[in-house]
Amino acid sequence: MSQIEISQIIEQIKEEIEVDANGQAKASIRATARLAGVDHAAIINHLQSGELKPTKLAQSIIIQGFEAGELREWRTAGIPDTAIAIILEYYAYDAGRYCTLQARLVCRSFNTIGIRAWIQDKLGWTKPVTDNKTGMTQIQLLAALAKNLAEQEQHLLQQSTKQTEILHRLKAVEVEQDRVNTPCGHKYSVVGFANLQGLEISVKEAGTKGRKASALCRKQGIEIERIHDPRFGKVGLYPESVLIEVFSTGQN
């Protein structure tokens, strides 16, 4: 999900977010759920658990000083900005399989300036300036936010690239472990197995034995792994036990 899509979501839920005269913000449960990228019913369940058997999220909110009874009232009164930050952080990092990339991206977006300032900025709220004090202009806030979002997107891209590389390496390790641990021994191509046995084999013979090995694998429910070969293109890798049977028949 891009920052443009998040901005679109903010626009859609703008009417369900408000900031009072003191700058304190709150949002409806539905708006908070949209920010986190989850169903609003899930957040309702967490908040309703506060007085009975608090969930991990409800416990995190209560630890921050909120009363268990308050959580139920937020269904109509709205969720305070400090609690919204806890909810977004939960769905970004602590919800296990329910974590969402959207929550993580939104969470990282306001980490630098805080959820309250982030909501204030999104709603265009500015603190009244007194005679002796000056604050950041709206343009300065937007520029700072834009810079922060760009840095976060670059970080996410780098993390995604690293994760892809790690997954490729893990896959290679799993394939090798499968070859070592498989009950039917290592896997070889037909030509590779013939070379290992010191046998000469023609292209035609290799093709014939390959088809026979493939048939045996399908019959035994063995998945055929295929690798690139510079001479023959894609070739199959067959368990040692299958190749022994194919070569022992003496049939081409």
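Since the structure is predicted, the reported quantities are computational estimates derived from the model, not experimental observations.

### Digging into the pattern of salt bridges
For the structure shown, the criterion picks out 1 salt bridge. A salt bridge links E18 to K26; the nearest nitrogen and oxygen atoms lie 4.0 Å apart.

### Points about the side chain of H46
Position of H46 relative to the elements: it lies in helix α3 (residues 40-48). Polar contacts involving the side chain of H46 include one to the side chain of T55, which spans 2.6 Å. In contact with H46, other than residues within four places in its own chain, are T55, L57, A58, Y90 and Y91.

### Notes on a nonpolar patch on the surface
Together, I166, L167 and L170 give the surface a local cluster of nonpolar side chains, amounting to about 290 Å² of exposed area. Examined against the element boundaries, L167 turns out to sit in helix α9 (residues 138-181).

### A word on the sheet that holds strand β2 (residues 25-27)
With antiparallel pairing, 3 strands are arranged side by side in an open sheet as β1-β2-β3. Because the sheet does not close on itself, it has two edges, and the strands there are β1 (17-19) and β3 (79-80).

### Overview of the nonpolar core
Among the nonpolar cores identified, the biggest contains 37 residues, and I43, L47, I61, W74, I79 and Y91 are the most heavily contacted of them. In this view, W74 contacts I29, L47, I61, F66, I79, P80 and A83; residues no more than four positions away in its chain are not counted. If you look at the next biggest cluster of nonpolar residues, it comprises 14 residues, including A194, A213, V246 and F247.

### Observations regarding the environment of K26
Structurally, K26 is set in strand β2. Excluding residues that lie within four positions of it along the chain, K26 makes contacts with E16, I17, E18, A77, G78, I79, P80, D81 and I84. Side-chain polar atoms of K26 contact the backbone oxygen of A77, separated by 3.0 Å.

Cut-off values and rules
- Residues numbered from 1 in each chain as written.
- Predicted model: local features only at pLDDT ≥ 70, side-chain atom pairs only at ≥ 80, totals over all residues.
- Heavy atoms only, no water.
- Salt bridge = Lys/Arg side-chain N within 4 Å of Asp/Glu carboxyl O.
- Helix = DSSP H or I, 4+ residues; strand = E, 2+ residues; numbered from the N terminus.
- Polar contact = N/O pair within 3.5 Å; in protein donor to acceptor, adjacent residues only side chain to side chain.
- Contact = heavy atoms within 4.5 Å.
- Patch = residues over 30% accessible without salt bridge, like charges linked within 9 Å, V, L, I, M, F, W, Y side chains within 5 Å.
- Areas by Shrake-Rupley, 256 points an atom, 1.4 Å probe, with all protein chains shown as cover.
- Pairing = 2+ DSSP bridges.
- Core = buried A, V, L, I, M, F, W, Y, C linked by side-chain atoms within 4.5 Å.
- Buried < 20%, exposed > 50% of the residue type's maximum accessible area, 1.4 Å probe, protein only.

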